[in-house]
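What follows is the residue order along each chain.
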Amino acid sequence: MLECVRYRFLRNVHCQKKQSTAQTRLDYPMETYKQKVKNRVRNEVLTYAIRALTTKRTNSTIASPTQLHDVALNLLREHPKNNLVYSLKADTVKRWEKFYQASVGSKKRSELRIAYLCGPEPNNDLEVILKAGVLPENIWAFENDNSCFESAKQQVLSSKYPYLKIVKRNIKEFFQTTSIVFDIIYLDFCSTLIDKNNIETITTLFDCHVLAPLGVLITNFSLSEKKQNVDTYKKIVSFTSNYLYHKEWLEVGYRQPGFFSEGAISSGFSCPECDEKCLSIISEDKTDELRKDCFPFYRTVLKKTEEYYGQCITRFLMDIPSTIIPSQRLFGFQNVTSSILGENKELKTLFDNYIKDYYGPDGVFSLEKLYEMLCDDNDWTGKTIYNLKTKYYNTFDNLLSSINISSKKYETDKLIKHLFLHELLVFENGSDNCFIKTPLFELNKHWSKATKTGYHFCDVFLFHQILEVLLAQIAVPYFPKIDQIKRWTYKAKEHRMFTDLFVFDQARYIMDWLPTPEMISDLNFDLQVELSIRFLLDAFAKNNYCYLTNLFFGCNVIPCTDQNVKFLSKRKHLFSR
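Residues numbered from 1 in each chain as written. Predicted model: local features only at pLDDT ≥ 70, side-chain atom pairs only at ≥ 80, totals over all residues. Heavy atoms only, no water.

## A short note on the nonpolar core
Here's step 1: Core analysis: the largest hydrophobic core is formed by 177 residues, its most contacted members being I185, F206, F239, I320 and F535.
Here's step 2: Ranked by the residues each element gives to this core, the list is headed by helix α12 (residues 305-331), at twelve residues.
Here's step 3: Among residues more than four places away in sequence, those in contact with I185 are A115, F175, L205, V210, L211, V216, L217 and I218. (Core = buried A, V, L, I, M, F, W, Y, C linked by side-chain atoms within 4.5 Å. Buried < 20%, exposed > 50% of the residue type's maximum accessible area, 1.4 Å probe, protein only. Helix = DSSP H or I, 4+ residues; strand = E, 2+ residues; numbered from the N terminus. Contact = heavy atoms within 4.5 Å.)

What follows is the structure, encoded as structure tokens:
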């Protein structure tokens, strides 16, 4: 049950029943949610979200509406004698641009549908949304707490906007039982990232595809400081250090120059809890007693918790819809991938045999073996989740169950296995793929003969890139548009808050550009198909370069530069006045 944290003590206020009105409850000056710094964040985040889906809509997609033309022009600018570029016909370009427009469409502000957690003061957010041009009939507010709901209802009914829909229901359950799709979802949790209920809500949102194919998710999490709750603070530091440890690139400090630096592994840090001795010392908060040759990443995160916690929020929420949920959808349900890989039971046998080939005849299929097979220097979400499961004495079992879309939520071993298999399939074994037992096997087998672009561009065209597109057709992931992510941090009362705005794009104008897996093996994979899909996937290469390096690897047609690679903007610090 989602709880109205910022007003929780109101439930204990002993006042007469006839005085329990919105006005009476809002007479307490310390309990209003109208601080200047909060109002500023509210205005900036909602205004930006609405603009991103209306007047700036085509800036919010992974690929631009002129993607094919732009890549061709860049190629000719750098390599004017590359005659292969001229083979892309104008008819193909126009056909895709028409498909893009049909997929992305346009939106007026009056057409946007918005959902948000309203608390007892729904007018705070409502006024900003309505001022931006959204219709009150298209706004849904959610509040599950009895006292907060009564306050919210009275406030709305007594305002000039009685058409706002306030739903007295758990928003996660609403997502599970309705087919309504929202353009913007604003989840002002006001509690920490590691709260199981919060992550369950976000997982359900993406699993049920409640967010529009091009939509905005806004979250607001708190940081429980050490002096406020020591146990929660330690869990936050442990989760943050572990989650960021396997990331290939990390952001630099808030006020330092530059955008990013190499990750913890490349920088020589040991894992967050590198062995039993370090684990026992860290758990007792005696980091000064660590041995001299031990440099756990945990210690660095402990010194700059706010900075790394903010990064962890962003990266975790990127991974949930782009990797964690899609991998479960592909491998967690019977025969979902049968048209691409073959029957589920055959797939399991093939993976077992692959382990034996890797480790010899005595090889036994296990998560540990899969863990060892994946390289340490890549952004493996599976390894991250595996560490959370195995190195923290079940501390994060509840959290891991919240990202499990299976009905058996506590079987996290399967969740990890599905992540490993997905990463192994599309990356480690991308050039071989002995797992494929469908007509696609022949296309993969003769890939070098089927493709025609060869070494004409920056990266070589590999089969796993087509495979990823086909898997995405089925799994329907959401991808964050990196350069459109905006973030804020501010101090509200006792807690530091972290607000993140994500523009998520299903990129169906790329995924559905190819025919289905059942058809593609019989398709005449001509130069028009090859050039167009390669030019389109270049957009993913530039978008994912630093932050989602395990997705669509090696898709560069033109080289990466500071001008075309997408970077996260720094988190904006706001101060109360």
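## Some details on the pattern of salt bridges
Here's step 1: All told, the structure shown has 19 salt bridges when counted by the stated rule.
Here's step 2: A salt bridge links K389 to D397; its shortest N-O distance comes to 3.9 Å.
Here's step 3: For the salt bridge of K542 with D538, the shortest nitrogen-to-oxygen distance reads 2.6 Å. Taken together, the positions of K542 and D538, both in helix α23 (residues 527-543) and four residues apart, correspond to about one turn of that helix.
Here's step 4: Within this structure, R40, E44 and K572 form a network of salt bridges that share partners. (Salt bridge = Lys/Arg side-chain N within 4 Å of Asp/Glu carboxyl O.)

## A word on the confidence of the model for the chain
Here's step 1: Summarising the model, the chain shows a mean pLDDT of 84, and 84% of its residues fall at 70 or more.
Here's step 2: Highest mean pLDDT in the chain belongs to strand β8 (residues 479-480) (98); lowest belongs to helix α1 (residues 22-25) (32).
Here's step 3: Segment residues 1-31: pLDDT under 50, and 53 contacts once partners within four positions in sequence are set aside and those in other chains are kept. (pLDDT = per-residue confidence, 0-100.)

## Details of the pairing of strand β4 (residues 182-188)
Here's step 1: With respect to burial, β4 is a largely interior element, seven of its seven residues being buried.
Here's step 2: Relative to strand β5 (residues 211-223), β4 runs parallel, the two being bridged by six bridges. By the bridge assignment for β5, Y186 is matched with I218.
Here's step 3: Between the parallel elements β4 and β5, the chain passes through helix α8 (residues 196-207) in a crossover that is right-handed. (Pairing = 2+ DSSP bridges. Right-handed = clockwise from strand over helix to strand, strands pointing away.)

## Here's the deal with the side chain of Q155
Here's step 1: Within the secondary structure layout, Q155 lies in helix α6 (residues 146-157).
Here's step 2: Looking at Q155, the relative accessible area reads 11%, which means it is buried.
Here's step 3: Engagement of the side chain of Q155 in a polar contact is seen with the backbone nitrogen of N123, the distance being 2.9 Å. (Polar contact = N/O pair within 3.5 Å; in protein donor to acceptor, adjacent residues only side chain to side chain.)

## A word on helix α20 (residues 463-475)
Along an α-helix, a turn takes 3.6 residues, which lines up residues three or four apart on a common side.
Here's step 1: With 13 residues, α20 should reach 18 Å at 1.5 Å per residue; the first-to-last C-alpha distance of 18 Å fits that figure.
Here's step 2: Burial of α20 is extensive: twelve of the 13 residues sit out of reach of the surface.
Here's step 3: Buried residues of α20: F463, H464, Q465, I466, L467, E468, V469, L470, L471, A472, Q473 and A475, and no others.
Here's step 4: Downstream of α20 by a residue or two, V476 has a phi angle that is positive, lying close to 50°. (Expected span 1.5 Å × (residues − 1).)

## Quick look at a nonpolar patch on the surface
Here's step 1: Taken together, Y455, V460 and L462 make up a surface patch of nonpolar side chains, about 320 Å² in accessible area.
Here's step 2: On the secondary structure map, Y455 appears in the loop between α19 (447-450) and α20.
Here's step 3: Given the relative accessible area of 73%, Y455 is considered exposed. (Patch = residues over 30% accessible without salt bridge, like charges linked within 9 Å, V, L, I, M, F, W, Y side chains within 5 Å. Areas by Shrake-Rupley, 256 points an atom, 1.4 Å probe, with all protein chains shown as cover.)

## Here we look at the packing of helix α9 (residues 230-245) against α12
Here's step 1: Look at α9 against α12: their axes get within 9 Å of each other, and the N-to-C directions meet at 60°. Compared by their axis directions, α9 and α12 come out oblique. The way α9 lies across α12 gives a crossing that is left-handed. Of the residues in α12, those touching α9 at Y233, I236, V237, F239, T240, Y243 and L244 are T305, Y308, Y309, Q311, C312, R315, F316, D319 and I324.
Here's step 2: Among the residues making up the contact of α9 with α12, the classes are represented as eleven nonpolar, three polar and two charged. (Axes fitted to C-alpha atoms, helices over the stretch in contact; angles between N-to-C directions. Parallel < 35°, antiparallel > 145°, perpendicular 65-115°, else oblique. Left-handed = near helix turned anticlockwise from the far one by under 90°. Nonpolar A, V, L, I, M, F, W, Y, C, P; charged D, E, K, R; others polar.)

## Notes on the packing of aromatic side chains
Here's step 1: Summed over the entire model, instances satisfying the criterion amount to 30 aromatic pairs.
Here's step 2: Ring geometry for Y243 versus F316: centroids 5.0 Å apart, planes at 65°, classification edge-to-face. With Y243 in helix α9 and F316 in helix α12, this residue pair connects regions lying 73 residues apart in the sequence.
Here's step 3: What makes Y243 buried here is its relative accessible area of 0%.
Here's step 4: Ring centres 5.2 Å apart and planes at 90° place the aromatic pair Y309 and F498 in the edge-to-face group. With a gap of 189 residues between them, Y309 in helix α12 and F498 in strand β10 (residues 495-505) connect regions that are remote in the sequence. In this structure, Y309 and F498 share a single accessibility class: buried.
Here's step 5: Cluster of aromatic residues (ring-pair linked, three or more members): F239, Y243, F316, Y392 and F396. (Phe/Tyr/Trp six-rings, centres within 6.5 Å; stacked < 30°, edge-to-face > 60°.)

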